[in-house]
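# A closer look at the structure
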Amino acid sequence: MSSNVLNGGQVIVDYLVREKVPYAFGLCGHGNIGFLDALYERADDIKTISVHHESVAGFMADVYYRVCGKPIATFTSCGPGSANLPIALANSYLDSVPFLAVTGNVPTGQFNRGAFQELYRHYQADFPSTVRAYCKRVFQPTRGDMVPLAIRQAWKTMVTGRPGPVVLDVPFDIFKEAAAEEAPNPEAWNANISCRCGADPDGVAKAVDMLLAAEQPVILVGQGVKYGGAATDLLRLAERLRIPVAWSASGTGAIDARHPLALGLIARNGPYQANHAARTADVLLALGVRFDDRTSSSWLPGYSFTIPPTKLIHVDIDPDEIARNYPVALGLMADVRTFLHQVLAELDARDGVGDAAAARAKWLDTIEGYRRQWNAFIAPGFVEDGSPIPPQRAAHEIDKALPEDAILVSDIGVHHNWLIQFCNPRRPDSLIGSMGFGPMGFGVAGVLGAQFAAPERPCVSVCGDGAFFMHASVLGTAVEYDLPVVWVVWNNFAYASIRGLQRGYLGGRELATDFRHPSTGAPYNPDFAAMARSAGIAGVNVDRAGDLSDALREALAARKPYLINANISADKNPGGAGVWELPGLGQSQPAFGGRYQPQ
Ligand SMILES: Cc1ncc(C[n+]2csc(CCOP(=O)(O)OP(=O)(O)O)c2C)c(N)n1
Ligand SMILES: [Mg+2]
């Protein structure tokens, strides 16, 4: 190889540097030492962060993007190393978050011979089949000179249209094989592509007609608004037409939860004013939201939505999501931010906009009535005391202690349901969660990615005891990279969200859902605070509700890695005005209000 020719690994790394990717998160193996060697040479331009489980790298990459809007790369070895990654790929894929996974594979000359760690019994070097359902696309260059094309196409696929993770699967020898004199230039191939497509102009006019004529309109926002950078324009539209805004769990934070037009979460455990306004709306403008079962009360009419007769305007960058679950009065394929610009411009050209906004007073008053009823219903939970800590109080105390610029990354489980119901996020990245694939560990590990993306901001993970134990290796990574993250382990000595289903639907036939000591039968868990201390991290226990917010404030003030082990009750599930039913397990009832049946 002549000295001015880059090998495959060098081309990939050079491309990442040209894309201004500051970090590669991952874990070594013989399959990727060629790539690590290329990273070694460019250590001044791109920092390599080594973790203790590959899924941690994937979750970090995911949350890194959710915080700063820039995709990052991961690196994993061949065979088992990369087989630890699909859980994170799927998580990002279903939540439309891009990252580039550079996976190693066996040498091309050994394809189909059953070399160490080769998946070969259906097809040679078959990692791509493993992740086919888990990512947007897989590229597998099998000659050095195929790498430049693969890397630029992989990057483009990842960031254009509906974003998502892409795998670049690189056989061992290709990292070291001559590839090109230089990496492709992102300025030429990717930087000048815009996917901010607008809706068709007739559709925009029709949407405005419908919004101006509506008497009881509601806007529903999903994560397309957050990650599409449309929060400011959303606010403009909502205020201009005085339309209340509800959100899916993934849309949490798209509007400040304390804004007078903010209705709250639409879900099983969403508040009455959100679910009831949405299910009685005459026009529902849905922006960047995909109507999953948890947002839609399992699609049962009359709990979250009643479509029809509600007229649905559904706007999404991906037409596959439009009319997937509900018929549309108007479906528009568009980037949400561009669509909002179009609508605002159309309103500028219309007469009577002020009248339409003024006519909204009655609808907003009615909603205030719903809000008062709901607030009275939930009020006792905010002051409930005791040990273990009552869960609503716990969510409230955590919310109280977080400064405005904090990033709270939740894990998956009943704690997530409490947080999305009782925290009041102010910014699009105030409360981050996974709503598509929902893998335990997302928040435990993701908080490290948040801290890399926002080094100065307070980053907190609230995670279940089950998930923390599954991913406790993160303690070491926080120490090794001096990341001042705080874990609040929501310790209920159980896989409580699943135990709650056994209690609610299966007559309390509990099996394999809690943690007990074999001799005493008492609730058991390792001492997580001591575990943290053994890793060189501050660790404290909190048993009383009144101590939780002070403990969190102290942890944040320390600006070093910290773990709070909070003893929290799981006797109650968060209830709301919607439902979530699992087929075959019987009907569920909302905790507040009932099913709406239009006349
Ligand atoms: C990797 C993975 N395994 C299993 C599940 C199924 N699951 C969803 S929530 C949950 C319980 C989580 O327990 P914990 O982390 O303690 O949270 P809690 O519900 O108690 O708040 C389980 C097992 C999952 N989502 N992800
Ligand atoms: Mg638990």
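Heads up: these notes are all about the structure in this document.

Helix and strand counts for the chain stand at 24 helices and 20 strands. Taken over the C-alpha trace, the chain has a radius of gyration of 25 Å; the compact-globule value for 599 residues is 25 Å, and the two agree within 12%. For the chain, with 599 residues in total, the buried portion stands at 58%. Within the chain, residue pairs in contact and separated by at least 24 positions form 76% of the contacts whose partners lie at least 6 positions apart. Accessible area for the chain stands at about 23,300 Å²; split by element, carbon and sulfur atoms hold 51% of it.

What follows deals with the coordination of the magnesium ion (ligand 2). Donor atoms from the polypeptide that bind the magnesium ion (ligand 2) are Asp465 (OD), Asn492 (OD1) and Ala494 (O), placed at 2.1 Å. Within one chain, the residues serving as donors to the magnesium ion (ligand 2) are arranged as D-x26-N-x1-A. Placement of Asp465 in helix H20 (residues 465-470) and of Asn492 in the loop between strand E18 (486-491) and helix H22 (496-505) is noted, with a sequence separation of 27 residues between them. Each member of the pair, Asp465 together with Asn492, is buried.

Attention now moves to the site of ligand 1. Taken together, 18 residues surround ligand 1, and among them Val414, His415, Gly438, Asp465 and Gly466 come closest. Ala494 places a main-chain nitrogen or oxygen 2.9 Å from an oxygen atom of ligand 1. Here an oxygen atom of ligand 1 sits 3.0 Å away from a polar atom, N or O, in the side chain of Ser497. Within the complex, the protein chains bury 78% of what would otherwise be the 580 Å² of accessible surface of ligand 1. At the level of elements, helix H18 (414-422), H20 and H22 are the ones that each hand at least two residues to the shell around ligand 1. Of the residues contributing to the shell around ligand 1, the split by class is 10 nonpolar, 7 polar and 1 charged.

Our focus in this paragraph is the packing of aromatic side chains. One pass over the structure, following the stated rule, counts 25 aromatic pairs. Aromatic side chains Phe291 and Phe305 sit 5.2 Å apart centroid to centroid with 80 degrees between the ring planes, which places their arrangement in the edge-to-face category. Residue Phe291 is located in the loop between strand E12 (283-287) and strand E13 (311-316), and its partner Phe305 is located in the loop between E12 and E13; the two are separated by 14 residues in the primary sequence. Both residues of the pair, Phe291 and Phe305, belong to the buried class. Aromatic side chains Phe305 and Tyr326 sit 5.8 Å apart centroid to centroid with 75 degrees between the ring planes, which places their arrangement in the edge-to-face category. Here Tyr326 lies in the loop between E13 and strand E14 (330-333) and Phe305 lies in the loop between E12 and E13, a separation of 21 residues in the sequence.

On to the layout of surface pockets, then. In this structure, the second largest pocket encloses a volume near 720 Å³. Taken together, 35 residues line the second largest pocket, and the ones lying closest to its centre are Arg268, Asn417, Ser497, Leu501 and Asn573. Going through the elements one at a time, H18, H20 and H22 are the ones with two or more residues in the lining of the second largest pocket.

In this section: helix H7 (residues 147-159). Taking 1.5 Å per residue, 13 residues should reach 18 Å; H7 reaches 18 Å between its end C-alpha atoms and fits that length. Within H7 the residues assigned to the buried category are Val147, Pro148, Ala150, Ile151, Arg152, Ala154, Trp155, Thr157 and Met158.

On to the sheet that holds E14. The strand order across the open sheet formed by 6 strands is E11-E10-E9-E12-E13-E14, and the pairing between neighbours is parallel. The sheet terminates laterally at strand E11 (262-265) and E14, the two strands that pair on one side only. Taking the axes of each pair of neighbouring strands and ignoring which way they run, one obtains an average angle of 15 degrees across the sheet. Here strand E9 (residues 217-221) pairs with E12 via 5 bridges, running parallel. Along E12, the bridge assignment pairs Ile219 with Leu285. Relative to the sheet, helix H13 (residues 272-280) contacts E9 and E11, its axis offset from that of E11 by approximately 100 degrees. Those strands touched by helix H14 (residues 336-348) are E12, E13 and E14, and its axis lies near 135 degrees from that of E12.

About the cut-offs
- Residues numbered from 1 in each chain as written.
- Chains lettered and ligands numbered in written order.
- Predicted model: local features only at pLDDT ≥ 70, side-chain atom pairs only at ≥ 80, totals over all residues.
- Heavy atoms only, no water.
- Helix = DSSP H or I, 4+ residues; strand = E, 2+ residues; numbered from the N terminus.
- Rg over C-alpha atoms; globule rule 2.2 N^0.38 Å.
- Buried < 20%, exposed > 50% of the residue type's maximum accessible area, 1.4 Å probe, protein only.
- Contact = heavy atoms within 4.5 Å.
- Areas by Shrake-Rupley, 256 points an atom, 1.4 Å probe, with all protein chains shown as cover.
- Donors = N, O, S within 2.8 Å, 3.2 Å for Na, K, Ca; no water.
- Near = heavy atom within 4 Å.
- Polar contact = N/O pair within 3.5 Å; in protein donor to acceptor, adjacent residues only side chain to side chain.
- Nonpolar A, V, L, I, M, F, W, Y, C, P; charged D, E, K, R; others polar.
- Phe/Tyr/Trp six-rings, centres within 6.5 Å; stacked < 30°, edge-to-face > 60°.
- 1 Å grid on protein atoms, 1.4 Å probe; cavity = no way out; pocket = protein on both sides within 12 Å on 5 of 7 lines; lining within 4 Å.
- Points joined across faces, edges and corners; volume = space filled by probe spheres on them.
- Expected span 1.5 Å × (residues − 1).
- Pairing = 2+ DSSP bridges.
- Axes fitted to C-alpha atoms, helices over the stretch in contact; angles between N-to-C directions.

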